[in-house]
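A structural walkthrough
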Amino acid sequence: MSVVYPPNDLASDAVNQFIARSHKLYIDGEWQTPTEEGAITVLDPATGMPIAKVPLAGREDVDRAVKAARTAFEEGPWSRMTPIERSKYIWRLADLIERHAGELAQIESIDAGKIVAVTQIADIPLSAAMMHYMAGWASKVDGETFSFNRPGEYHGYTLREPVGVAALIVPWNFPLVLTCFKLGPALAAGCTVIIKPAEQTPLSALRLADLVSEAGFPNGVINILTGDGPTSGAALASHPGVDKISFTGSTEVGKGILRAASGNLKRVTLELGGKSPMFVFPDADLDKVIPGCSSAIFFNQGQTCTAGSRLYVHRKVYDRVVAGIADGVRSLVPGHGLDPATSLAPVVSESQATRVARYIDLGLSAGAEAVVGGSRLEREGYFIAPTVLANTHGDMAVVREEIFGPVLTAMPFDDDTDLDTLAAIGNDTPFGLAASVWTTNLSTAHKMARRLKAGTVWLNTHNHYEPAAAFGGAKESGWGRECGIHGVHLFTETKTVIAAL
Ligand code: NAI
Ligand code: MG
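Residues numbered from 1 in each chain as written. Chains lettered and ligands numbered in written order. Predicted model: local features only at pLDDT ≥ 70, side-chain atom pairs only at ≥ 80, totals over all residues. Heavy atoms only, no water.

If you check the shell around ligand 1, you find 27 residues, and the closest are Val170, Trp172, Glu199, Ser250 and Glu402. Here an oxygen atom of ligand 1 and a side-chain polar atom of lysine 196 are 2.9 Å apart. The fraction of the free accessible surface of ligand 1 (810 Å²) that becomes covered by protein chains is 87%. Considering each element in turn, the shell around ligand 1 owes the most residues, 3 residues, to helix H8 (residues 229–238). In terms of residue class, the shell around ligand 1 is built from 13 nonpolar, 8 polar and 6 charged. (Near = heavy atom within 4 Å. Polar contact = N/O pair within 3.5 Å; in protein donor to acceptor, adjacent residues only side chain to side chain. Areas by Shrake-Rupley, 256 points an atom, 1.4 Å probe, with all protein chains shown as cover. Helix = DSSP H or I, 4+ residues; strand = E, 2+ residues; numbered from the N terminus. Nonpolar A, V, L, I, M, F, W, Y, C, P; charged D, E, K, R; others polar.)

See the structure below:
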């Protein structure tokens, strides 16, 4: 695919050269040409202009990648090497991500429309940390022995074996981070993988393929296919040669993946949507609450599955908190993520910008008041003004549905709302991904943590991710957990061995 797009003047030569490459699919340890002509045009969210073309993997390409992963899994050397050898490969890849951090931070900024200062301190270090952390687990995924409860003399133990070939389907909001959330534990468990980045943001995965190659992974252990959902993603989800799907994305597609996976009863991990509540009690330290709750919703333009999108504040401090959050985002400067003057980044695509703007309109026409923001910016690219909606209530679509954009809905509560009632309000949603509680009262904090139906409850913080901390959702926010040993276990199958002595 030899289309020439103008380089980005703000990016390094290395990054421009990488983006301008003729991109291919990474299968069986080499760059392979796609069978069909299909291509995806990659757009810069800050300008809406095309910057690259990448292949759209078709069924045959998926087939080739699955075969390569299968051979690498069944015939070794990946499956035959010692755990500590596998661990060294994962560690080397983590080191390479760190060594190329500056370049990856720019790629992620251009591709996903993120501010480069943020990708430098958040996306890339978290990706590397996840791989370094998971490298350690590779040599510690063990089974257990057990005692027998029925007569006779027996010996029994379990083995934790890799589940096999895993397909990792990644969304566009944290392309490299969420790739590593899946890749790290899959490799630690001993699986081989096919990674499919989102069609909107395929570039960091392609650069990762270079690093995989440089780290010396055996052929076929890590295959990387750029592609879309309906063709490439769907082919992976229904492929009989895939043993496990790890998916992050929309609840709707997640449910479709479950159906597609039922053909061979693939193991499935789903990390889906959310509508996470934040509770601010009157004793909270407002100097922490205001920036904390602001970043909870506006970090990554609200395109975070755990975004704190519902704010419940005690009436005593409601006006101060809402005004403080609104003031903090009033004078942000929109621009390209690579421009150091930029403090407001775009959302990822035209369709997300349209979706978010439609939700804001829905809220306003249902009677919500925009304390700040309230519309899309009239300029090139996909910019939405950070928006705080007051006068909202639990029946409104903006309070009930995942917007996945920079839109906060705020609601006060009073002294007569006890913790059970407050938690019930928070739990009144099909989602159960995360929540945060802001208070200096330890007892209130932990009581709320127990009452909230969520995969993660943060106390006096929000959107804090940690490789060691199990991460995932209750209810329609998903199935299973990523990170920590929990994430590794979900790439294994337990085998029981019983011997009559
Ligand atoms: P999506 O769920 O369609 O895309 C996520 C990934 O799934 C992409 O790699 C895509 O190619 C793949 N995919 C799509 N359809 C597929 C299929 N039939 N089979 C297999 N793979 C498939 O998300 P989309 O459309 O980009 O965003 C829509 C909404 O989804 C967002 O507004 C947001 O509410 C939610 N979302 C949630 C995310 C999260 O972190 N939980 C991440 C991205 C989106
Ligand atoms: Mg979709």
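Anyway, onward from the coordinates.
All right, on to the domain arrangement of the chain then. Here the chain is partitioned into domain 1 (13–272 + 478–497) and domain 2 (276–467). Facing 31 residues of domain 1, the contacting portion of domain 2 comprises 29 residues. Together domain 1 and domain 2 conceal approximately 2300 Å² of surface at their shared face, both sides included; 67% is due to carbon and sulfur atoms. A per-residue breakdown of the area domain 1 buries against domain 2 is headed by Ala46, Ile115 and Trp172, which together make up 24% of the total. Taken together, domain 1 and domain 2 are joined by 0 salt bridges. Counting across the interface, domain 1 meets domain 2 through 7 residue pairs in polar contact (both at pLDDT 80 or more). (Domains from an automatic or database assignment. Contact = heavy atoms within 4.5 Å. Buried area = accessible area lost by both parts, 1.4 Å probe. Salt bridge = Lys/Arg side-chain N within 4 Å of Asp/Glu carboxyl O.)

Another point: unusual backbone geometry. Looking along the chain, the bond that leaves glycine 76 and enters proline 77 is cis, with omega of 10 degrees. One can find proline 77 in the loop between helix H2 (59–75) and helix H3 (83–99). In the Ramachandran plot, leucine 265 falls in the positive-phi region, its phi being about 50 degrees despite a non-glycine side chain. One non-glycine residue, asparagine 391, adopts positive backbone phi at about 55 degrees.

Ranked by internal contacts, the top residues of the largest apolar core, which has 71 residues, are Leu93, Ile97, Leu183, Leu203, Phe217 and Ile222. Here this core gets 10 residues from one element, more than from any other, and that element is helix H6 (residues 175–189). Split by domain, this core shows at least three residues from each of two domains, domain 1 (13–272 + 478–497) and domain 2 (276–467). Leucine 183 has contacts with Leu93, Met131, Leu168, Val193, Ile195, Leu208 and Ile222, leaving out every residue within four places of it along the chain. (Core = buried A, V, L, I, M, F, W, Y, C linked by side-chain atoms within 4.5 Å. Buried < 20%, exposed > 50% of the residue type's maximum accessible area, 1.4 Å probe, protein only.)

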